[in-house]
Amino acid sequence: MKKVKRNLADELEEALGAEVDLNDIEVPDGEHGDFAYPAMKAASELGDSPRNIAEKAKDTLEELDFVEKIEIAGPGYVNFFLDKKFYTEEVFETLDTEMMGVERKDGNALVEFSSPNLAKPMHVGHLRNNVLGDSLQRIMRFAGYDVTSENYIGDWGTKHGQVIYGYKLWGDEQKFQNAPMDHMYELYVKLNQEADEEMQETAREWSKKIEDGDKEAVELWERFREATIEYNEVDYERMNIHFDRVTGESVVAEHAEELIEEGLEKGIFEKDDDGSVYVEFEDEDLPSTIIKRSDGSTLYLTRDLANIIKRENEEFDYNFYVVATEQNLHFKQLFAVAKQFGVEDIVSEHISYGLLHLEDGSISSSKGNIITLRDVLDEAKEKAQKVDEREIGNAEAVGQGALKYANLSVSRQKDIEFSWDRALSFEGDSGPYLQYSNVRAKSILRKTEVEGKLNGEFNQEEYRLVKKLGEFPEKVDNAVEARDPAKIANYLSSLCEVFNSFYHSQPVLDADEKDRKRRVALIENFISVTDKGLDLLGIEALEEM
């Protein structure tokens, strides 16, 4: 817990006359104490041996009221064993506050995620983006940021002309009325499969017509856009994902055109012989890139530039893009161009993440062999209805928990090899395992009317759970700093392991009154932490399974 670590750091700094940072205080394995301080850093600063520094720390600090004993280990580790009752009270009092000990942050933050394309269903590749973006907005809000979540739809550009042209060639109004997304996607795939170069050129012309404000093109585009938003909303509601605003590239398209002219005037952009506009970068690691095509149409980069400026004008302090690592170069180029345009009052970050690989193989939206997000959600519910020979009544929530945890428990920079067997396991390190542990704790409280109270002596198993609960605030702080929910997901998994060990070895209902009250207090705090932790991951905490 940060409060106690900070106290120890202050006491050590005063006792040693050397700088001691909060991060210098470590959490060792159980038998080595509650906290540890490696004296090597101070020894280097003070010109003394680590062992002597450790001895000095021990002699000075072992009289502290909250310290039970101090031991020295190895070349100079100072191991602190705290008074169990003192530390437990500190942990529980902290967890009982609004912030639960998490460091409060300031600032207006824009979190952009999901961002599906017009006229195409979200596929399995959108799964990690959605759950990562949703968890990040939850974590950022809890940490105190004033968060605006934005679904920035890909609703501008060449591909939308393809859908419109496909509809002009083969569109069926009745099919569109009955299943608009299915029909739009069918047309998109058919055009990509059958179109020759002449047809592709005509499709590009329809894209340009949208940009030029052609009445028919715009009406069809608006119709397809509305149908896409309505279709995706079903999946978002099912996943309990909500956005503060839904925008799209079309919102900034006009400003993007103006920025091209401004960039040319300022010498940021250059015009090629074919009429296209491009930008060269001083950084040799950044290749030049097109800003505007020779046919006059704009690109993602141009519109994203306009969007950064828009968000800066809206006075956001932070601008987070949750987008796969495949777009690393794009965002480096984007941020470099934005800097040349004088964007400096907003901190923009690319929250990149690795890819999700299913056992079923690769996907391609243009070829039509995608696994839709809806298909994956359906399969999760179906598989969760019976897991490990258990009949699961709330299979939707359990299946969602399995999917979300499987995507969030892996550090976001790494790729994921997804396995249904691992995701739906009740044996540990899975969403259902977390949900089941939480439910198990709640079932104990329903069976006892005893109010939790910290009294009596803590045994090793009880105190182990206390210490694990005390790690929660710092794990959330780490997740905020790293922009990575895996810090919380992995912590919850280890916390549930400790709780289940406690559950099997420490009877509650059959214990004497003093032990029962103390253990109920532990369970109450475990429920509080896991309820909040699951919520931060976007996983539903259940009452029963």
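Above this text you will find the structure in question.
Residues numbered from 1 in each chain as written. Predicted model: local features only at pLDDT ≥ 70, side-chain atom pairs only at ≥ 80, totals over all residues. Heavy atoms only, no water.

**Q** I'm lost on the overall build of the protein chain in this one. Help?
**A** Scanning the protein chain from terminus to terminus reveals 21 helices and 15 strands. In terms of its C-alpha atoms, the protein chain occupies a principal-axis envelope of roughly 85 × 60 × 35 Å. Residue burial in the protein chain is summarised as follows: out of 545 residues, 55% are buried. Considering only intrachain contacts with a sequence separation of at least 6, the fraction spanning at least 24 residues in the protein chain is 74%. Carbon and sulfur atoms provide 41% of the accessible area of the protein chain, an area that totals close to 24,600 Å². For the protein chain, the separation between the mean place of its 65 positive charges and that of its 117 negative charges on side chains is 4 Å. (Helix = DSSP H or I, 4+ residues; strand = E, 2+ residues; numbered from the N terminus. Buried < 20%, exposed > 50% of the residue type's maximum accessible area, 1.4 Å probe, protein only. Contact = heavy atoms within 4.5 Å. Areas by Shrake-Rupley, 256 points an atom, 1.4 Å probe, with all protein chains shown as cover. Lys, Arg positive; Asp, Glu negative; His and termini not counted. Charge placed at Lys NZ, Arg CZ, Asp CG, Glu CD.)

**Q** In this structure, what is going on with the side chain of Asn 232? I would like to understand it.
**A** Relative to the elements of secondary structure, Asn 232 occurs in helix H10 (residues 215–238). Here Asn 232 is in contact with Pro 116 and Met 122, once residues within four sequence places are set aside.

**Q** It is not clear to me how the pattern of salt bridges should be interpreted in this structure. Could you clarify?
**A** Two side chains carrying opposite charge are able to pair once their charged atoms lie near each other. For the structure on display, the rule yields 44 salt bridges. Between Glu 197 and Arg 204 there is a salt bridge, with the nearest N and O atoms lying 2.6 Å from each other. On the basis of relative accessibility, which here comes to 28%, the residue Arg 204 falls in the partly exposed class. A network of salt bridges, in which partner residues are shared, links Glu 112, Glu 150, Arg 245, Lys 310, Arg 311 and Glu 314. (Salt bridge = Lys/Arg side-chain N within 4 Å of Asp/Glu carboxyl O.)

**Q** Please explain empty space enclosed by the protein as it appears in this structure.
**A** A water-sized probe rolled over the atoms picks out the places where empty space is left. Taken as a whole and judged by the stated rule, the model has three cavities of 30 Å³ or more. Roughly 50 Å³ of internal volume is contained in the largest cavity. Every residue lining the largest cavity is listed: Gly 157, Thr 158, Arg 204, Ser 207, Lys 208, Glu 211, Arg 293, Asp 295, Ser 297 and Thr 298. If one sorts the elements of the lining of the largest cavity by residue count, helix H9 (residues 197–212) sits on top with four residues. Residues that form the lining of the largest cavity fall into these classes: no nonpolar, five polar and five charged. (1 Å grid on protein atoms, 1.4 Å probe; cavity = no way out; pocket = protein on both sides within 12 Å on 5 of 7 lines; lining within 4 Å. Points joined across faces, edges and corners; volume = space filled by probe spheres on them. Nonpolar A, V, L, I, M, F, W, Y, C, P; charged D, E, K, R; others polar.)

**Q** In this structure, what is going on with a negative patch on the surface? I would like to understand it.
**A** A cluster of acidic side chains, namely Asp 10, Glu 13, Glu 14, Glu 19, Asp 21 and Glu 45, defines a negative patch on the protein surface. The greatest single-element share of the negative patch, amounting to three residues, is contributed by helix H1 (residues 2–16). One can find Glu 14 in helix H1. Residue Glu 14 is classed as exposed on the basis of its relative accessible area, which comes to 69%. (Patch = residues over 30% accessible without salt bridge, like charges linked within 9 Å, V, L, I, M, F, W, Y side chains within 5 Å.)

**Q** Can you walk me through unusual backbone geometry in this structure?
**A** Note on backbone geometry: most residues besides glycine have negative phi, and most peptide bonds are trans. Even without a glycine there, the phi angle at Ala 119 is positive, about 70°. For Ala 119, the position within the fold is in the loop between strand E4 (108–112) and helix H5 (125–142). The backbone phi angle of Arg 483 is positive, close to 55°, even though this residue is not glycine. For Arg 483, the position within the fold is in the loop between helix H19 (472–482) and helix H20 (486–505). Judged by relative accessible area, which is 10%, Arg 483 ranks as buried.

**Q** Would you mind going over the pairing of strand E10 (residues 318–322) with me for this structure?
**A** Remember that side chains alternate between the two faces of the sheet whenever the strand is regular. Across the five residues that make up E10, a large majority, four, are buried. Relative to E10, E4 runs parallel, the two being bridged by four bridges. Within the sheet, the bridge partner assigned to Val 111 lies in E10 and is Phe 320. With five bridges joining them, E10 and strand E11 (residues 347–351) adopt parallel strand pairing. Bridge pairing in E11 places Asn 319 opposite Ser 348. Crossover E10 to E11 through helix H13 (residues 328–340) is right-handed. (Pairing = 2+ DSSP bridges. Right-handed = clockwise from strand over helix to strand, strands pointing away.)

**Q** Would you mind going over the packing of helix H17 (residues 431–446) against H20 with me for this structure?
**A** Any two packed helices are characterised by the angle at which their axes cross and by the distance between the axes. Packing of H17 against H20 leaves a shortest axis separation of 10 Å and a crossing angle of 40°. Of the possible angle classes, the one that applies to H17 and H20 is oblique. In the packing of H17 onto H20, the handedness of the crossing is left-handed. Contacts from Tyr 433, Leu 434, Ser 437, Arg 440, Ala 441 and Ile 444 in H17 reach Leu 492, Ser 493, Cys 496, Glu 497, Phe 499, Asn 500, Tyr 503 and His 504 in H20. When grouped by side-chain class, the residues that make up the contact of H17 with H20 number eight nonpolar, four polar and two charged. (Axes fitted to C-alpha atoms, helices over the stretch in contact; angles between N-to-C directions. Parallel < 35°, antiparallel > 145°, perpendicular 65-115°, else oblique. Left-handed = near helix turned anticlockwise from the far one by under 90°.)

**Q** I would appreciate a short explanation of H1 in the present structure.
**A** In an α-helix, one full turn covers 3.6 residues, which means residues spaced three or four apart are oriented alike. An ideal rise of 1.5 Å per residue puts 21 Å on 15 residues; H1 measures up with 20 Å between its terminal C-alpha atoms. Among the residues of H1, those classed as buried are Lys 2, Val 4, Lys 5, Leu 8, Ala 9, Leu 12, Ala 15 and Leu 16. Buried residues of H1, viewed axially, fall in a sector of 160°; they line one side. Those residues of H1 that are exposed and aimed more than 90 degrees away from the buried face are Lys 3 and Glu 14. Among the structural elements, strand E1 (35–38), helix H2 (40–46), helix H3 (50–61), strand E3 (77–82), helix H4 (84–95) and H19 are those in contact with the buried residues of H1. Once H1 finishes, Gly 17 follows within two positions and takes phi at roughly 70°, a positive value. (Expected span 1.5 Å × (residues − 1). Arc of directions from axis to C-beta.)

**Q** How should I be thinking about the sheet that holds E3 in this particular structure?
**A** Sheet strands associate in pairs through backbone hydrogen bonding, adopting either a parallel or an antiparallel arrangement. Spatially, three strands are ordered E1-E3-E2 in an open sheet, and the strand pairing comes out antiparallel. Strands at the two margins of the open sheet, each flanked by one partner only, are E1 and strand E2 (67–73). Taking the axes of each pair of neighbouring strands and ignoring which way they run, one obtains an average angle of 20° across the sheet. Of the strand pairs in this sheet, E2 and E3 are connected by six bridges, and their pairing is antiparallel. Bridge pairing links Ile 70 to Phe 80 in E3. Seen against the sheet, H1 touches E1 and E3 and runs at an angle of roughly 35° to E1.

**Q** Would you mind showing me how to read H4 here?
**A** The end-to-end C-alpha distance of H4 is 16 Å, a good match for the 16 Å that 12 residues give at a rise of 1.5 Å each. For H4, the full list of buried residues reads Tyr 87, Thr 88, Glu 90, Val 91, Phe 92, Thr 94 and Leu 95.

**Q** Explain the packing of aromatic side chains to me, please; I cannot follow it from the model alone.
**A** Counted by the stated rule, this structure contains 20 aromatic pairs. Considering the side-chain rings of Phe 176 and Phe 224, the 5.7 Å spacing of their centres and the 50° angle between planes classify their relative orientation as tilted. Here Phe 224 lies in helix H10 and Phe 176 lies in helix H7 (residues 173–178), a separation of 48 residues in the sequence. For the pair shown, Phe 176 and Phe 224 are each scored as buried. Considering the side-chain rings of Phe 499 and Phe 502, the 6.1 Å spacing of their centres and the 35° angle between planes classify their relative orientation as tilted. A residue pair is termed a helical-turn pair when its members lie 3 or 4 positions apart in one helix, as Phe 499 and Phe 502 do in helix H20 at three residues. By the burial criterion, Phe 499 is buried, and Phe 502 matches it. Taken together, the aromatic side chains of Phe 499, Phe 502, Tyr 503 and Phe 526 make up a single cluster linked through ring pairs. A cation over an aromatic ring shows up here: Lys 209 above the ring of Trp 206, its NZ or CZ 4.0 Å from the ring centre. (Phe/Tyr/Trp six-rings, centres within 6.5 Å; stacked < 30°, edge-to-face > 60°. Lys NZ or Arg CZ within 6 Å of the ring centre and 35° of its normal.)

This is a description of form; function is not addressed.
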